Amino acid sequence: MDFNITAGEEAVVFHVASLVQEGLSPTDDDLAKELGEEIRPVLQSLLDKGWLVVDEDHELALSTIARHVVSSRRDAEGPRA
């Protein structure tokens, strides 16, 4: 896993985490519709770095380590508004 991610990539990780926490299972197409086609290279980079994984239904989720990192950051910073 590559822990060196950009601020933009980090924002996408937290966005995916919030969608999953709400019970949604976003796909890359869902995020492209919501955030624009320019999100696709960011998603690919996060997949390549090991932050995101894709299941058999093509739904995006955080990797195990990414879930831990996001959880730790939220605990340290408190709830996001």
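Please read all numbers here as calculations on a predicted model, not as lab measurements. (Residues numbered from 1 in each chain as written. Predicted model: local features only at pLDDT ≥ 70, side-chain atom pairs only at ≥ 80, totals over all residues. Heavy atoms only, no water.)

A. Expanded view of the environment of V53. Counting through the fold element by element, V53 comes out in strand 1 (residues 52-54). Looking at V53, the relative accessible area reads 38%, which means it is partly exposed. For the pair V53 and V20, spaced 33 residues apart in the sequence, the C-alpha separation amounts to 13 Å. Leaving out residues up to four positions away in the same chain, V53 has contacts with L47, E59, L60, A61, L62 and S63. (Helix = DSSP H or I, 4+ residues; strand = E, 2+ residues; numbered from the N terminus. Buried < 20%, exposed > 50% of the residue type's maximum accessible area, 1.4 Å probe, protein only. Contact = heavy atoms within 4.5 Å.)

B. Structural context of the nonpolar core. In this structure, L31, L43 and L62 are the most contacted members of the largest nonpolar core, which totals 17 residues. If you list the elements that add at least two residues to this core, you get helix 1 (7-21), helix 2 (28-35), helix 3 (39-49), strand 2 (60-62) and helix 4 (64-77). Residue contacts for L62: discarding those within four places in its chain leaves V13, V16, A17, W51, L52, V53, R67 and V70. (Core = buried A, V, L, I, M, F, W, Y, C linked by side-chain atoms within 4.5 Å.)

C. Highlighting the side chain of K49. Looking at where K49 falls in the secondary structure, it is placed in helix 3. Taking relative accessible area as the criterion, K49 reaches 18% and is therefore assigned buried. With residues near it in sequence (within four places) discarded, K49 still touches M1, D2, N4, I5 and E9.

D. Representation of helix 3 within the structure. For helix 3, the full list of buried residues reads I39, L43, S45, L46 and K49. Projected down its long axis, helix 3 carries its buried residues within an arc of 160°, all on one side. Exposed positions of helix 3 whose direction lies more than 90 degrees from the buried face are P41 and D48. Check the buried side of helix 3 and you find it contacts helix 1, helix 2, strand 1 and strand 2. Following helix 3 by one or two positions, G50 has its phi on the positive side, about 90°. (Arc of directions from axis to C-beta.)

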